[in-house]
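Inside the fold
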Amino acid sequence: MIVRTLDECLNTDRHVKGGNWESVRMLLNNDNMGFSFHITTIFAGTQTPIWYKNHLESVYCISGNGEVQTKNDGKIHKIEPGTIYILDQNDQHLLRGGSEDMVLACVFNPALNGREVHDEDGAYTLDEPPLFESEPMIASQG
Ligand code: 9YT
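Residues numbered from 1 in each chain as written. Predicted model: local features only at pLDDT ≥ 70, side-chain atom pairs only at ≥ 80, totals over all residues. Heavy atoms only, no water.

A contiguous nonpolar patch, built from Tyr60, Ile62, Ile84 and Ile86 and spanning about 370 Å² of accessible area, is present on the exposed surface. Counting through the fold element by element, Tyr60 comes out in strand S5 (residues 56-63). A relative accessible area of 38% means that Tyr60 is categorised as partly exposed. (Patch = residues over 30% accessible without salt bridge, like charges linked within 9 Å, V, L, I, M, F, W, Y side chains within 5 Å. Areas by Shrake-Rupley, 256 points an atom, 1.4 Å probe, with all protein chains shown as cover. Salt bridge = Lys/Arg side-chain N within 4 Å of Asp/Glu carboxyl O. Helix = DSSP H or I, 4+ residues; strand = E, 2+ residues; numbered from the N terminus. Buried < 20%, exposed > 50% of the residue type's maximum accessible area, 1.4 Å probe, protein only.)

See the structure below:
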């Protein structure tokens, strides 16, 4: 089992700052789970174009408020604590912070390796070198 706290991940390589957002990537591909897990803060009053062409992502709102607008149909969905949005179609979208910073728990499949920053489309590529080496898989004894 692996145990980490948000506090111990803050201000390390896991803590990535993207301008309109910052994110603490608490679980990455070197943990060999098949997904990554991030606590992301979207700053109030910002708008970020995102298009994760290479990843599926689900996003659960813990606190704050904002909205997400899907590009293909223009629909706007309010985000508040208790809401999850699920980008099951690699949906191109605009993510907006509301009157307060929005704190989100995000999972990605495939897992991010930790070095990704948004490209000009708001996507992450799949060919970044890993931030951390994978642990060798060792069969459990007993
Ligand atoms: C809300 C959202 O799309 N979060 C993505 C995760 C964050 N941008 C990161 O860790 O890269």
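Picking up where we left off.
Core analysis: the largest hydrophobic core is formed by 20 residues, its most contacted members being Ile79, Tyr85, Leu95, Met102 and Leu104. Looking at this core, the elements with two or more residues in it are S5, strand S8 (84-87) and strand S10 (102-109). Broken down by element, this core gets its largest block of residues, 4 residues, from S10. The next biggest cluster of nonpolar side chains, apart from the first, holds 5 residues, and it includes Val24, Met26, Ile39 and Ala105. (Core = buried A, V, L, I, M, F, W, Y, C linked by side-chain atoms within 4.5 Å.)

As enumerated under the stated definition, the model contains 1 cavity of 30 Å³ or more in all. Reported here for the largest cavity is a volume of approximately 140 Å³. Among the elements of the structure, strand S2 (21-27), strand S3 (36-42), S5 and S10 are those that each provide at least two residues to the lining of the largest cavity. A breakdown of the residues in the lining of the largest cavity according to their chemical character gives 11 nonpolar, 4 polar and 2 charged. (1 Å grid on protein atoms, 1.4 Å probe; cavity = no way out; pocket = protein on both sides within 12 Å on 5 of 7 lines; lining within 4 Å. Points joined across faces, edges and corners; volume = space filled by probe spheres on them. Nonpolar A, V, L, I, M, F, W, Y, C, P; charged D, E, K, R; others polar.)

Moving on, we get to the site of the ligand. Inspection of the region around the ligand gives 14 residues, with Ser23, Arg25, His38, Glu57 and Tyr124 positioned closest. Here Ser23 contributes a side-chain N or O atom positioned 2.6 Å from an oxygen atom of the ligand. Take Tyr52: an N or O atom from its side chain is 3.4 Å from an oxygen atom of the ligand. Across the complex, the protein chains shield 99% of the 320 Å² of accessible surface that the ligand would expose by itself. Because more than half of its atoms lie within 2 Å of the grid, the ligand is assigned to the largest cavity. Elements that contribute at least two residues to the shell around the ligand include exactly S2, S3 and S10. The residue makeup of the shell around the ligand, split by class, is 9 nonpolar, 3 polar and 2 charged. (Near = heavy atom within 4 Å. Polar contact = N/O pair within 3.5 Å; in protein donor to acceptor, adjacent residues only side chain to side chain. Sits in = over half its atoms within 2 Å of the grid points.)

Here the focus is the environment of Glu80. For Glu80, the position within the fold is in the loop between strand S7 (76-79) and S8. With 19 residues separating them in the primary sequence, Glu80 and Cys61 have C-alpha atoms 6.0 Å apart. Once residues lying within four places of it in the same chain are set aside, the contact partners of Glu80 are Cys61 and Gly64. (Contact = heavy atoms within 4.5 Å.)

With that out of the way, let us pick up the environment of Asp91. Relative to the elements of secondary structure, Asp91 occurs in the loop between S8 and strand S9 (93-97). Spatially, the C-alpha atom of Asp91 lies 8.5 Å from that of Ile50, the residues being 41 residues apart in sequence. If near-sequence neighbours (up to four positions away) are discounted, Asp91 is found in contact with Ile50, Trp51 and Thr70.

The two faces of a sheet get side chains in turn, since along a regular strand they alternate between them. Sheet topology places S3 next to S10; 7 bridges connect them, and they run antiparallel. Of the residues in S10, the one forming a bridge with Thr40 is Leu104. Bridge analysis of S5 against S10 gives 7 bridges, and the strand direction is antiparallel. Counterpart to Leu56 in the pairing with S10 is Asn109. (Pairing = 2+ DSSP bridges.)

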